[in-house]
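Reading the structure
Take a look at the letters that make up each chain.
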Amino acid sequence: MPEEEVVIKRQPFETRIHEIDFIRGILICLVVMDHIFNFTMNFSSGWAGAEHLQPYWALNQAMHFYWDHPVRMVVRWLCLISFCFISGISCAFSKSNSKRALQMVGIWALLFIVTNIIRGALLANNFDTSVTCFRIDFNVIGVLAWSTLLYCFFEKKNWVWLLVVALIGLALHPLCLVLSRTEFGHQTYVPFLWRPYVGSEVEGSNALMQADHMPLFPYLGFFFLGAMVSKLTYAKDKKSYFKKYNWERPICFIGRHTLIIYGTHVLVIFAVLSLIGVFIK
């Protein structure tokens, strides 16, 4: 009898472009760390109370030092730019960018609806959760979703088209920044262009306060720059340009599941800190 052919299934780490997963894994780890510090800052304030009980107050001040430090702001901008740039590159490996875009738009819409419902319920019942706000109208998920959807119209075109869209996206940012600081910007609700103006809220209800916000511009520009680079490199060769090492595996695994981690880590952090708060109280 002829010998049966043995089919060996290769692992994702062996078949995927490892440097893309690696960079994405590093970035999502930084995002999770940032959110851990932010939630700890909020919760430790409640633990310390008006009496500024130690060591909770010291923990709160340490988190404030991190959160307000200029270095954190620079690193945050670099991370957001890198996320969009890498996502633009990844378009070259998607079997269906239109399907992926619609899925991400759906996730953004769900995030928008659910967080607004939670925010409204908390305000209506005057319930304190130790977290300043849960509402997210437009953030990195929205940016990547709509950037990917727009990319679908230019997917088959020359890289010059991608560069033009990228430059337009970058150029619109200063205009949006100026408009956001005018009376028109304060009275106009366009969260995909600028952060809603808190000062325009009715009776100080904080209805427009955002837990997280990220405008479409200039980040759509960085997404299309990544797509352009991919069109000239990865889309042609479909191969890695850097040597692969086994120690990268855990980070690459995280990088392959960034959307799942992004969607669940906030709930995990909130649950853990809430449980710690029960024991502290």
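Just so we're clear, the structure is a prediction, and the values are computed from it rather than from any experiment.

The rules behind each value
- Residues numbered from 1 in each chain as written.
- Predicted model: local features only at pLDDT ≥ 70, side-chain atom pairs only at ≥ 80, totals over all residues.
- Heavy atoms only, no water.
- Helix = DSSP H or I, 4+ residues; strand = E, 2+ residues; numbered from the N terminus.
- Contact = heavy atoms within 4.5 Å.
- Areas by Shrake-Rupley, 256 points an atom, 1.4 Å probe, with all protein chains shown as cover.
- Core = buried A, V, L, I, M, F, W, Y, C linked by side-chain atoms within 4.5 Å.
- Buried < 20%, exposed > 50% of the residue type's maximum accessible area, 1.4 Å probe, protein only.
- Phe/Tyr/Trp six-rings, centres within 6.5 Å; stacked < 30°, edge-to-face > 60°.
- Salt bridge = Lys/Arg side-chain N within 4 Å of Asp/Glu carboxyl O.
- pLDDT = per-residue confidence, 0-100.
- Axes fitted to C-alpha atoms, helices over the stretch in contact; angles between N-to-C directions.
- Parallel < 35°, antiparallel > 145°, perpendicular 65-115°, else oblique.
- Left-handed = near helix turned anticlockwise from the far one by under 90°.
- Polar contact = N/O pair within 3.5 Å; in protein donor to acceptor, adjacent residues only side chain to side chain.

1. Remarks on the overall build of the protein
Counting secondary structure elements, the protein contains twelve helices and zero strands. The linear arrangement of helices and strands in the protein, starting from the amino end, is α-α-α-α-α-α-α-α-α-α-α-α. When the backbone C-alpha atoms are referred to their principal axes, the protein occupies close to 75 × 55 × 35 Å. Contacts in the protein between residues far apart in sequence, at least 24 positions, make up 77% of those at least 6 positions apart. Total accessible area on the protein is roughly 16500 Å²; 68% of this is exposed by carbon and sulfur atoms.

2. Let's talk about the nonpolar core
Ranked by internal contacts, the top residues of the largest apolar core, which has 36 residues, are Cys84 and Phe224. At the level of elements, helix H2 (18-48), helix H4 (70-90), helix H5 (97-124), helix H6 (140-151), helix H7 (159-180) and helix H9 (219-232) are the ones that each hand at least two residues to this core. With seven residues, H9 is the largest single contributor of residues to this core. Beyond its immediate chain neighbours, meaning those up to four positions away, Cys84 contacts Val143, Leu144, Met214, Tyr219, Phe222 and Phe223. One finds Phe39, Trp47, Ile269 and Leu273 within the second-largest nonpolar core, a separate group that totals eight residues.

3. Some points on the packing of aromatic side chains
All chains considered together, the criterion is met by 20 aromatic pairs. Relative to Tyr56, the ring of Trp47 lies with its centre 6.2 Å away and its plane at 75 degrees, an arrangement referred to as edge-to-face. On the basis of relative accessible area, Trp47 is assigned to the buried category, the value being 11%. With a relative accessible area of 24%, Tyr56 lands in the partly exposed category. Look at Phe93 and Tyr234: their rings are 5.8 Å apart centre to centre, the planes differ by 65 degrees, and that puts the pair in the edge-to-face class.

4. Regarding the pattern of salt bridges
In this structure the tally under the stated criterion is four salt bridges. Arg16 serves as the salt-bridge partner of Asp21, at 2.7 Å between the closest nitrogen and oxygen. Exposure remark for Asp21: the relative accessible area of 3% places this residue in the buried category. Given a relative accessible area of 37%, Arg16 falls into the partly exposed group. Counted as one network, the salt bridges with shared partners bring together Arg16, Asp21 and Arg24.

5. Structural notes on the environment of Phe224
Locating Phe224 in the fold gives a position in helix H9. Residue classification places Phe224 among the buried residues on the basis of a relative accessible area of 0%.

6. Structural notes on the confidence of the model for the protein
Residues of the protein with pLDDT of at least 70 account for 92%, and the chain-wide mean is 87. Low pLDDT (under 50) marks residues 200-207, which in the prediction has eleven contacts with non-local residues, meaning those over four places away or in another chain.

7. Description of unusual backbone geometry
The peptide bond linking Gln54 to Pro55 adopts the cis configuration, its omega dihedral lying at 5 degrees. Looking at the element boundaries, Pro55 is found in the loop between H2 and helix H3 (56-68). For the peptide bond that leads from Phe217 to Pro218, omega is 15 degrees, which places it in the cis range. Topologically, Pro218 is positioned in the loop between helix H8 (183-187) and H9. Not every positive phi belongs to a glycine, and His52 is a case in point at roughly 55 degrees. With respect to the secondary-structure elements, His52 resides in the loop between H2 and H3.

8. Some points on the packing of H7 against H9
Viewed as axis vectors pointing N to C, H7 and H9 meet at an angle of 160 degrees, and their least axial separation amounts to 7 Å. Classified by the angle their axes make, H7 and H9 are roughly antiparallel. Both H7 and H9 take part in a crossing whose hand is left-handed. Contacts between H7 and H9 involve Trp159, Leu162, Leu163, Val165, Ala166, Gly169 and Leu170 from the former and Leu220, Gly221, Phe222, Phe224, Leu225, Ala227, Met228, Lys231 and Leu232 from the latter.

9. Description of the side chain of Thr115
Note that Thr115 resides in helix H5. Taking relative accessible area as the criterion, Thr115 reaches 8% and is therefore assigned buried. There is a polar contact of 3.3 Å between the side chain of Thr115 and the backbone oxygen of Phe112. Residue contacts for Thr115: discarding those within four places in its chain leaves Phe134, Arg135 and Ile136.

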